[in-house]
Structure formats: structure tokens, C-alpha cells
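Report on the structure
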Amino acid sequence: MIAAAAAADGSAAGEDTCTDPAAPRRRDAARSRELLIRAAVELFAERGFARTTTREIGERAGVDASLIARYFGGKTQLYLATLQVELGDEVPADLLEEERLRTLLVRLAQRGPGPSFQAAVLPGDNTEVQQAARAYLHERMVRPLHDRFVAEQVDRPRLRAELAVAAFAGVVLARSSGAFEELAAADPEELLPLLHSLLSASRPS
């Protein structure tokens, strides 16, 4: 790399004093992205998506909040990036696995529903942000259930998977809306068996 850089700017081949001037900038960008994701994870956990501002994320990260738009595209894309970091690249267990359902209920009770759940019920405007949120919803929630139903050789596996995820998204959004007091007040552990029974109805006995 050094020799190539030297040749590019007319220096003698083999001279090792030349460095890539973009390297520190790339390192700074990577560090800023890391700090923003870490701060966003903390704030979304503390306050939820809707009540967290980009300014607060920037302040917590110690970087200019305008970098959120530069590196991620906006708060929604940053939110999706935090989910990807937390959950990793592996396809998660499906919603009929009780531990997966419990984890989601607890996390959503703390943070409230994010853009991926809102995208499940809002009319499609075909924006890049909504497409990303929907893609995440399908990849992380619909696909695992679809794969289970295919393996179990049930009919209409995609329809059944989408039905279950739609029901789950509806419950999540209803809990945060305040329209259903007892549902909103229910503890995740109390809600778990009831919701599991509801979702299991999507699978034929």
C-alpha cells in the first residue's frame, strides 16, 4: 500500500514515509459510528424510540448529532442499526418459541414499539426508511415462522407466518397506545402465555 501511495504522488518507490491521509478520517468515522450506536442503544432502552431525539443521542455519544444523518440516514435507520448490533446476524428463533417471545415482550415494554412495528400497520409510502423497516420485520420475524411452518409442512406457510406477526405487532402497538388499559398494564410474564396461545392459533393442530 505504501509503495502504491508513493507511486501515486510521485515519490520514489520503496519510500516508507508516505501514509494514506484518508486513514485517520476513516478511523474517526468508524469510531463516531460506534459511539452513536452505543449511545442510541442506551437511550432507546431508557426512553424508547419516540421519546429519544437525535440531539440527545449526539450529546450522549459526544459527537455532532448531524453525523447521524451522514452515517445512517436518520434516526430510524440508526434504530435499525442498533437492533442489528444487539441481535447479531443469525436468524432468531420464531415467535412460537417462548423465550424469544418473552425477550421481545420485555424489550418492547421498556422501549415501546419502534419503526419496524409501526411499518407493519402504516399505509405504504414506499420510502427508503419504510422499506428498510419492513424488510427488517420480515427478515427477523416473518421468515423464522415461515421456515418453521415449511418444515412442519403446513399449508399456506407464508400467510400463516404473516398473520401471526401481524397479530403480535397489533398487540405491541395496542399496549403502547393507551387505548386498552388492562392490556397496557399487564406484566410481560402475565401476558406471555396468553399471547403465545393467540399466536399458536396460526398453526393448525
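Residues numbered from 1 in each chain as written. Predicted model: local features only at pLDDT ≥ 70, side-chain atom pairs only at ≥ 80, totals over all residues. Heavy atoms only, no water.

**Focus: the overall build of the chain**
Heads up, the condition is: In this text, helices come from DSSP runs of H or I with a minimum length of four residues, and strands from runs of E with a minimum of two, each type numbered from the N-terminal end. Here the term buried applies to any residue with accessible area under 20% of the maximum for its type, exposed to any over 50%, and partly exposed to those in between, with areas from a 1.4 Å probe on protein chains only. Residue contacts follow a heavy-atom distance rule, with two residues in contact if any of their heavy atoms lie within 4.5 Å. Computed by Shrake-Rupley with a 1.4 Å probe, the accessible areas treat only the displayed protein chains as cover when residues are assessed.
Each helix and strand counted, the chain has 11 helices and 0 strands in total. The secondary structure elements of the chain, listed N-terminal to C-terminal, are α-α-α-α-α-α-α-α-α-α-α. In the chain, which comprises 205 residues, the proportion classed as buried is 40%. Within the chain, contacts between residues separated by at least 24 positions form 61% of all contacts whose residues are at least 6 apart in sequence. As displayed, the chain offers around 11,800 Å² of accessible surface, 53% of which is attributable to carbon and sulfur atoms.

**Thoughts on the pattern of salt bridges**
Note the threshold: Whenever a carboxyl oxygen of Asp or Glu lies within 4 Å of a side-chain nitrogen of Lys or Arg, that contact is scored as a salt bridge.
Taken as a whole and assessed by the stated rule, the structure comprises 14 salt bridges. Between arginine 38 and glutamate 34 there is a salt bridge, and its shortest N-O distance comes to 2.8 Å. You can see arginine 38 and its partner glutamate 34 sitting in helix H2 (residues 22-47), 4 residues apart, about one turn around the helix. A relative accessible area of 41% places arginine 38 in the partly exposed class. Of the charged contacts in the structure, one is a salt bridge between arginine 55 and glutamate 59, with a shortest N-O distance of 3.3 Å. Here the residue arginine 55 and the residue glutamate 59 both occupy positions in helix H3 (residues 54-61), the gap between them amounting to 4 residues, near one helical turn. With relative accessibility at 55%, the residue glutamate 59 sits in the exposed group. Residues participating in the shared-partner salt-bridge network are Asp94, Glu97, Arg148, Glu152 and Arg203.

**Structural notes on the packing of aromatic side chains**
Here is the rule we go by: Any two rings among Phe, Tyr and Trp, with Trp reduced to its six-membered ring, count as a pair given centres within 6.5 Å; such a pair is stacked if its planes are under 30 degrees apart, edge-to-face if over 60, and tilted if neither. Comment: the charge-over-ring label is applied if NZ (Lys) or CZ (Arg) is within 6 Å of the ring centre and within 35 degrees of the ring normal.
The final tally for this structure, using the stated rule, is 3 aromatic pairs. Seen from their ring centres, phenylalanine 44 and tyrosine 79 are 5.3 Å apart, and the 70° between their planes marks the pair as edge-to-face. Within this pair, whereas phenylalanine 44 is found in helix H2, its partner tyrosine 79 is found in helix H5 (residues 75-87), the two being separated by 35 residues in sequence. On the basis of relative accessible area, phenylalanine 44 is assigned to the buried category, the value being 0%. Look at tyrosine 79 and you get buried, because its relative accessible area is 4%. An aromatic cluster is built from Phe44, Phe49 and Tyr79, whose rings are joined through pairwise contacts. The ring of phenylalanine 72 carries the charged tip of arginine 33 above its face, separated from the ring centre by 4.7 Å.

**Quick look at the layout of surface pockets**
The line we're drawing: Detection works on a 1 Å grid of protein atoms alone, calling trapped sets that fit a 1.4 Å probe cavities and calling open sets with protein on both sides within 12 Å along at least five of seven lines pockets, with lining residues defined by an atom within 4 Å of a point. Grid points are joined across faces, edges and corners, and a volume is the space filled by probe spheres set on the points. The nonpolar class holds Ala, Val, Leu, Ile, Met, Phe, Trp, Tyr, Cys and Pro. Asp, Glu, Lys and Arg form the charged class, and all remaining residues, Gly among them, are polar.
In this structure, the largest pocket occupies an estimated 160 Å³ of space. Every element with two or more residues in the lining of the largest pocket is listed here: helix H8 (128-151) and helix H9 (157-177). Of the residues assigned to the lining of the largest pocket, the class counts are 8 nonpolar, 1 polar and 2 charged.

**A look at H9**
As a reminder of what qualifies: A helix is expected to span 1.5 Å for every residue after the first.
The end-to-end C-alpha distance of H9 is 30 Å, a good match for the 30 Å that 21 residues give at a rise of 1.5 Å each. When we look at burial in H9, the residues that qualify are Pro157, Ala161, Ala164, Val165, Phe168, Ala169, Val171, Val172, Leu173, Ala174 and Arg175. Looking one or two residues beyond H9, the residue adopting positive phi is glycine 178, at roughly 85°.

**Structural notes on H3**
Stated precisely, the cut-off is as follows: Note: the arc covers the axis-to-C-beta directions of the helix.
Within H3, burial applies to Ile57, Gly58 and Ala61. Angular distribution of buried residues about the axis of H3 spans 95°; they occupy a single face of the element. Projecting away from the buried face of H3 at angles above 90 degrees are the exposed residues Arg55 and Glu59. Two residues or fewer after H3 comes glycine 62, characterised by a positive phi angle close to 80°.

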